[in-house]
Amino acid sequence: MEQVFLGDYVRKRREDLGLTQSQLCEGICEPITISRLENGKQVPSYTRIKALLERLGLPGSRYFALLSKNEERIETLRKDIRADIICFERAEDKDRPQIREQALAKLEELEQLAEPDDKIIRQYILSTKASLGKPEGPCSLEERLEMLLESIRLTVPRFNLEKIDLRRYSMEESTIINKIANSYSAVGQKRKAIDIYSQLLKYIETNDSELPKYAGHFCLVAYNYALDLALEKRLKEAAEIAEQGWQVSVKYGDYQLLPGFLAILAECCYFTDKKAQSAKLYMQAYYLYEAVRDKHNSHIIQNEMTVRLGLEIPY
């Protein structure tokens, strides 16, 4: 796609959304860069184009961009790190140090490749380190929250947790907001976390439905939201959000969090005296976790089935 066409498309979308050039580019690049892009005089780096398009609610995959050798390596590293994080989250505690070590090594290489003024990559590195921890072990919950707040403010300097829907976000920025909510939950501030999840899920539904990673992102926030609602014994709300996440998982063929939604629904059924339905949902969740080799969660499900329902595997 010719850059002048991309510039025209960006301008039209920005104007349709009522955004100024300064509002669109805040934290990503200078307003002059947007002006040059819209006038066909400059194409920013791949990471900046991708972030700008995501803030506009547009999938960056629609547009052709020549990647430099460094940009290709950066994208490969980010994919590899994401795979490491998935393995890390599913791994037993004894296996996590090795996975953390290899992911942190890739983050170090990524840091060396990034331009000093590339806030997008710096943001990604900082937020990922918050999740993985340090070479010697995980960050404290307080450290993690502090790092995530610092990370989001690299590209959204006036970020306000009380008014999330007043801004536009890239996918990375909204992912960090989800992590912030998760951190508040982990330090015991579940009501604050629930409020953030509620705002963020509405934002994603309204603005991100055209993005290729919409389903996965929606399901991640919905899962965390439903889980905290269930922990607060707001079972009806938890079941509604979990059911919505289940439907999106199936509709879009994004099954990573499907067993989690089933487990939340199983718990809601158990505490509302629907034991037969609870058993059925627990079994479905268990075998899905087993299928993807998520031993951590399959053990949790097995234990809950035994303690709550007196059931053993196989059932």
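Residues numbered from 1 in each chain as written. Predicted model: local features only at pLDDT ≥ 70, side-chain atom pairs only at ≥ 80, totals over all residues. Heavy atoms only, no water.

1. A few points about helix 7 (residues 119–132)
In a regular helix each residue adds 1.5 Å, so 14 residues correspond to 20 Å; helix 7 covers 20 Å between its end C-alpha atoms and thus fits that length. Buried residues dominate helix 7, accounting for ten of its 14 residues. The set of residues buried in helix 7 consists of I120, I121, Q123, Y124, I125, L126, S127, T128, A130 and L132. Two or three places before I120, at the opening of helix 7, D118 has a side-chain oxygen 3.2 Å from that residue's backbone nitrogen. G133 sits one or two positions beyond helix 7 and adopts a positive phi of about 100°. (Helix = DSSP H or I, 4+ residues; strand = E, 2+ residues; numbered from the N terminus. Expected span 1.5 Å × (residues − 1). Buried < 20%, exposed > 50% of the residue type's maximum accessible area, 1.4 Å probe, protein only. Polar contact = N/O pair within 3.5 Å; in protein donor to acceptor, adjacent residues only side chain to side chain.)

2. Things to note about the packing of aromatic side chains
Scanning the entire structure with this criterion turns up eight aromatic pairs. Consider the rings of F159 and Y169, whose centres lie 6.5 Å apart with planes at 75°: the pair is edge-to-face. Of this pair, F159 sits in the loop between helix 8 (141–155) and helix 9 (171–186) while Y169 sits in the loop between helix 8 and helix 9; the two residues are ten residues apart in sequence, bridging distant segments of the chain. Residue classification places Y169 among the buried positions, given a relative accessible area of 1%. Seen in terms of ring centroids, Y270 and F271 are 5.0 Å apart; in terms of plane orientation they differ by 80°. Their pairing is edge-to-face. An aromatic cluster of at least three residues, connected via ring pairs, comprises F159, Y169 and Y203. It is K192 that lies over the ring of Y184; its NZ or CZ is 5.1 Å from the centre. Taking NZ or CZ as reference, K275 lies 5.2 Å from the ring centre of Y270, over its face. (Phe/Tyr/Trp six-rings, centres within 6.5 Å; stacked < 30°, edge-to-face > 60°. Lys NZ or Arg CZ within 6 Å of the ring centre and 35° of its normal.)

3. Focus: the packing of helix 14 (residues 275–291) against helix 15 (residues 295–309)
In contact at an axis separation of 8 Å, helix 14 and helix 15 are set at 160° when each is read in the N-to-C sense. Here helix 14 is positioned roughly antiparallel relative to helix 15, judged by the angle of their axes. At the point where helix 14 passes helix 15, the crossing takes the left-handed sense. Across the interface between the two elements, K275, S278, A279, Y282, M283, A285, Y286, Y289 and E290 of helix 14 pack against K295, N297, S298, I301, Q302, E304, M305, R308 and L309 of helix 15. Among the residues making up the contact of helix 14 with helix 15, the classes are represented as nine nonpolar, four polar and five charged. (Axes fitted to C-alpha atoms, helices over the stretch in contact; angles between N-to-C directions. Parallel < 35°, antiparallel > 145°, perpendicular 65-115°, else oblique. Left-handed = near helix turned anticlockwise from the far one by under 90°. Contact = heavy atoms within 4.5 Å. Nonpolar A, V, L, I, M, F, W, Y, C, P; charged D, E, K, R; others polar.)

4. Some details on the environment of Y124
Assignment of secondary structure puts Y124 in helix 7. Relative accessible area serves as the criterion here: at 7%, Y124 is assigned to the buried category. Measuring from C-alpha to C-alpha, the distance between Y124 and E142 comes to 19 Å, with 18 residues separating the pair along the chain. Not counting chain neighbours up to four residues away, the residues in contact with Y124 comprise R78, I81, R82, L107, L110 and E172.

5. Quick notes on the pattern of salt bridges
Here the structure, examined in full by the defined rule, presents 24 salt bridges. R167 is paired through a salt bridge with E26; the nearest N and O atoms lie 2.2 Å apart. Here R167, found in the loop between helix 8 and helix 9, pairs with E26, found in the loop between helix 2 (21–25) and helix 3 (31–38); they are 141 residues apart in sequence, far enough to count as distant. Residue R167 is classed as partly exposed on the basis of its relative accessible area, which comes to 22%. Since its relative accessible area comes to 13%, E26 is described here as buried. (Salt bridge = Lys/Arg side-chain N within 4 Å of Asp/Glu carboxyl O.)

6. Re the state of the cysteines
What the rule picks out here adds up to zero disulfides. No disulfide involves C139; its nearest neighbouring cysteine sulfur is the one of C87, lying 20 Å away. The thiol of C269 is not disulfide-bonded; the next cysteine sulfur, from C268, is found 7.1 Å away. Owing to a relative accessible area of 11%, C269 belongs among the buried residues under this scheme. (Disulfide = S-S within 2.5 Å.)

Spatial relationships are all this shows, so hold off on functional conclusions.
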